[in-house]
Each structure stands twice: as structure tokens, then as C-alpha cells.
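Next come the chains, spelled out residue by residue.
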Amino acid sequence: MGPFIVTADEVDSRKPMHITVKVNGEITQDDNTASMIFSFADLIAYVTTFMTIQAGRHQSWPARRSARARSDPPDWLKAGDIVEISSPELGTLRNTVVDEN
């Protein structure tokens, strides 16, 4: 995991941030936060109605423009896939998908 943790004074979440998602090195999403239906503030306000967000935890929400979900048939994530979410303002988060069993 890269330097993905920032404090509120390091990023202005009201300004659009570029976000790229790669699965196994292939770009599946490349957009910015201006395309989101709800703002960060709205999302955080909603999530905190049913859970506490602890320092160091990350949150992610689905995007409506996922190339993998639009493929026919949909190309869902599977065990072993490597997912990287990158933003110049935030850094890179890299995770390997594991089997639920």
C-alpha cells in the first residue's frame, strides 16, 4: 500500500481529484470526482449515520462507469486479481482479491 493516508488539511475534497483504477495492470476506470453523483461530504455524512469511521481506514464506493461491469458477460473480480486505486492527491491503494472461503 502506498502513501494513501492524508489529513484533511492536505487535500481540498471540494476540488475535483483524478482517480484511476487498474485491475491486473489494465485501466478499468479513469475519471475524476466531479463525475460522482454525491459529494465526499454527503457520502461521509451518510456513512457515519450507521458506522464510525476510524483513523487509517479507507472507504470506497462503486463508480457508474466501470468498464468491467459493462462487458458482456460482466468481468467480475476474482481471487488473485490485483486492484490499484490511484490519485495524485492521495497516493495508491493496492489490494489482492481473496476468495471468500
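Residues numbered from 1 in each chain as written. Predicted model: local features only at pLDDT ≥ 70, side-chain atom pairs only at ≥ 80, totals over all residues. Heavy atoms only, no water.

(A) Highlighting the pattern of salt bridges. Applying the stated criterion to the full structure yields three salt bridges. Notably, a salt bridge pairs E84 with R94, separated by 2.7 Å at the nearest N-O pair. In this pair, E84 is assigned in strand β3 (residues 82-87) and R94 in strand β4 (residues 91-96), connecting sequence segments 10 residues apart. The class for R94 is partly exposed, based on a relative accessible area of 43%. (Salt bridge = Lys/Arg side-chain N within 4 Å of Asp/Glu carboxyl O. Helix = DSSP H or I, 4+ residues; strand = E, 2+ residues; numbered from the N terminus. Buried < 20%, exposed > 50% of the residue type's maximum accessible area, 1.4 Å probe, protein only.)

(B) Representation of the sheet that holds β4 in the model. Here four strands make up an open sheet; going across it, the order is β2-β1-β3-β4 and the pairing antiparallel. Either end of the sheet is taken by a strand with one partner, and the two such strands are β2 (26-32) and β4. Going across the sheet, the axis of each strand differs from the next one's by a mean of 15 degrees, ignoring polarity. Of the strand pairs in this sheet, β3 and β4 are connected by six bridges, and their pairing is antiparallel. Bridging from a neighbouring strand, S86 pairs with T92 of β4. (Pairing = 2+ DSSP bridges. Axes fitted to C-alpha atoms, helices over the stretch in contact; angles between N-to-C directions.)

(C) Up close: the side chain of T33. Of note, T33 is situated in the loop between β2 and α1 (40-47). A polar atom in the side chain of T33 sits 2.8 Å from the backbone nitrogen of M17. Leave out the neighbours within four places in its chain, and T33 touches K15, P16, M17, I19 and F40. (Polar contact = N/O pair within 3.5 Å; in protein donor to acceptor, adjacent residues only side chain to side chain. Contact = heavy atoms within 4.5 Å.)

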